[in-house]
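# Coordinates in review
Chain by chain, the residues run as shown.
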Amino acid sequence: MAKKLWNVAIAGATGAVGNQMIECLEERNFPVGRIKYLASERSVGKVLEFRGKPVQVELLDHDAFEGIDIALFSAGGSRSLEFCPSAARAGAVCIDNSSAWRMDPDVPLVVPEVNPDAIAGYTRKGIIANPNCSTIQMVVALKPLHDYATIKRIVVSTYQAVSGTGKKAIDELRIQAGELLNGRPAEAKVYPHRIAFNCLPQIDSFEPNGYTKEEMKMVNETRKIMDSDIRVTATTVRVPVFYSHSESVNIETGKKVTVAQAFELIRKAPGCRLVDDVASRVYPMPCDAAGQDLTFVGRIREDESIENGLNLWIVADNIRKGAATNAVQIAEILIKKYLK
Ligand code: NAP
Ligand code: 3JM
């Protein structure tokens, strides 16, 4: 019997995440029948490729989804809010990369290594949400520790790459670095301050409680995906790195986890790679994680300030596992288990 093929639309195909989605579908041999690339008026008519063949970019609008089975969205939150319902009405299952639908109780928020069974809930609205990049890599690494020792509290600080803000921010870091190295002033357009040779303790806008939206995404999404009893506090920081987010994570658990036990749990965990040999100065780094789909974990050590605590350093490619790969993995489960 011929393999069933699926018609796929990518809303935001011209962006950093959209480009990576195209690559992921190609690399993973996703059974695509028709592919449709959607973006703003600015990109209409532009030609991108799929599997070596040219594909013209079309306008993202309400009737763009006729005959589409799966719609991958990465065109910003307001576009997801506006167009996911139309895509779902047309019969497509939306896998949305924005924060627009993540906390909707009728929308599953899914990391395949952590809560794949939640995908079943897609029938309620025809939408599945991809978590924020920083949440994804953290829960992939913490899930095995939570299953073993019940995490009570998480304290996380992030070191996030500029690619998480999209194509313009990647250009901004490159241009600013060039200007400064040539003794010229750097102009900040995308971020509120210079990002080259700097760190910005602000990602997304501030909430009335003093946290940023990005920080509250990590708090609320982690609880929705893993366990609503876990207390989470986050500080999210933009750093002058192009690809891959890093995280310093402290956890308090219900029972003791030794370093040896943590090594064993991370070694066996799906989607994780243990990179921890400090005697040889081996630990995860963004330059090594870029271009890969795994979540890299290292610098594991007991938190000696509390009875049952661990510190970890978690690194993953924010555009791949943090966005496109996670979305395509969800699509793979969807066609295997649910759409048929
Ligand atoms: P980007 O490089 O700036 O790309 C933005 C994409 O959205 C482009 O394809 C752009 O099309 C399209 N777009 C913008 N305004 C539009 C409009 N009015 N109508 C139709 N399309 C429009 O940004 P990115 O890094 O790829 O991120 C895209 C979105 O993905 C983000 O806004 C965010 O919601 C989500 N995201 C999620 C994660 C995650 O952690 N899961 C990580 C990064 C991003 P044009 O080229 O025509 O402007
Ligand atoms: C990552 O313009 C927008 O709505 C995009 C803001 C954004 C988000 C978001 O809130 O959807 C930029 C980068 C994210 C995200 O993954 O949460």
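Whatever comes next refers back to the structure up there.
A short tour of the structure in this document, coming up. (Residues numbered from 1 in each chain as written. Chains lettered and ligands numbered in written order. Predicted model: local features only at pLDDT ≥ 70, side-chain atom pairs only at ≥ 80, totals over all residues. Heavy atoms only, no water.)

### Points about the sheet that holds strand E7 (residues 127-129)
One open sheet accounts for 7 strands, arranged E3-E4-E2-E1-E5-E6-E7; its pairing is mixed. Each edge of the open sheet carries a strand with a single partner, namely strand E3 (47-50) and E7. On average, adjacent strands in this sheet sit at an angle of 30° to one another, irrespective of strand direction. One ladder, built from 4 bridges, connects E3 with strand E4 (residues 53-59); its direction is antiparallel. Bridge pairing in E4 links Glu 49 to Pro 54. Taken strand by strand, helix H1 (residues 16-27) contacts strand E1 (6-11), strand E2 (32-39), E3 and strand E5 (70-73), and its axis lies near 25° from that of E3. The strands that helix H8 (residues 320-339) touches are E1, E5, strand E6 (93-96) and E7; relative to E6, the one it contacts most, it runs at about 155°. (Pairing = 2+ DSSP bridges. Helix = DSSP H or I, 4+ residues; strand = E, 2+ residues; numbered from the N terminus. Axes fitted to C-alpha atoms, helices over the stretch in contact; angles between N-to-C directions. Contact = heavy atoms within 4.5 Å.)

### Brief notes about the layout of surface pockets
In this structure, the largest pocket spans a volume of roughly 1,400 Å³. Ser 74, Ala 75, Gly 76, Thr 165 and Gly 166 are, among the 46 residues lining the largest pocket, the residues nearest its centre. Every element with two or more residues in the lining of the largest pocket is listed here: H1, helix H2 (77-89), helix H4 (167-181), helix H5 (213-225) and H8. Residues that form the lining of the largest pocket fall into these classes: 14 nonpolar, 22 polar and 10 charged. If you add up the space inside the second largest pocket, you get close to 180 Å³. Among the residues forming the lining of the second largest pocket, the class breakdown is 4 nonpolar, no polar and 6 charged. (1 Å grid on protein atoms, 1.4 Å probe; cavity = no way out; pocket = protein on both sides within 12 Å on 5 of 7 lines; lining within 4 Å. Points joined across faces, edges and corners; volume = space filled by probe spheres on them. Nonpolar A, V, L, I, M, F, W, Y, C, P; charged D, E, K, R; others polar.)

### Considerations on the site of ligand 1
What surrounds ligand 1 is a group of 25 residues, the closest being Thr 14, Val 17, Ser 40, Ser 43 and Cys 133. The separation between an oxygen atom of ligand 1 and a polar side-chain atom of Arg 42 is 2.9 Å. Measuring from a nitrogen atom of ligand 1, one finds a backbone N or O atom of Gly 322 at 3.2 Å. Relative to its free-state accessible area of 910 Å², ligand 1 is covered by the protein chains to the extent of 79%. (Near = heavy atom within 4 Å. Polar contact = N/O pair within 3.5 Å; in protein donor to acceptor, adjacent residues only side chain to side chain. Areas by Shrake-Rupley, 256 points an atom, 1.4 Å probe, with all protein chains shown as cover.)

### Comments concerning the nonpolar core
A general feature of soluble globular proteins is that nonpolar side chains tend to end up buried together. In this structure, Phe 65, Phe 73, Leu 142, Leu 145, Ile 154 and Leu 312 are the most contacted members of the largest nonpolar core, which totals 56 residues. Per element, the largest residue contribution to this core is 8 residues, and it comes from helix H3 (residues 133-149). Core analysis: the second largest hydrophobic core is formed by 36 residues, Val 32, Ala 39, Val 57 and Tyr 122 among them. (Core = buried A, V, L, I, M, F, W, Y, C linked by side-chain atoms within 4.5 Å. Buried < 20%, exposed > 50% of the residue type's maximum accessible area, 1.4 Å probe, protein only.)

### As for a nonpolar patch on the surface
Residues Val 278, Tyr 283 and Met 285 make up a contiguous nonpolar surface patch of roughly 250 Å² in combined accessible area. Along the chain, Tyr 283 falls in the loop between strand E11 (272-274) and helix H7 (286-289). (Patch = residues over 30% accessible without salt bridge, like charges linked within 9 Å, V, L, I, M, F, W, Y side chains within 5 Å. Salt bridge = Lys/Arg side-chain N within 4 Å of Asp/Glu carboxyl O.)

### What to know about the sheet that holds strand E13 (residues 309-316)
The mixed open sheet is built from 6 strands, whose spatial order is E9-E8-E10-E13-E12-E11. Edge positions in the sheet fall to strand E9 (231-238) and E11, since each has one partner strand and no second. Looking at each pair of strands side by side, their axes are set apart by 20° on average, direction ignored. As judged from the 8 bridges shared by strand E10 (residues 245-253) and E13, these two strands associate in the antiparallel manner.

### Side note on the environment of Leu 38
By the secondary structure assignment, Leu 38 is in strand E2. With relative accessibility at 0%, the residue Leu 38 sits in the buried group. As for Leu 38 and Ile 10, which are separated by 28 residues in sequence, their C-alpha atoms are 5.9 Å apart.

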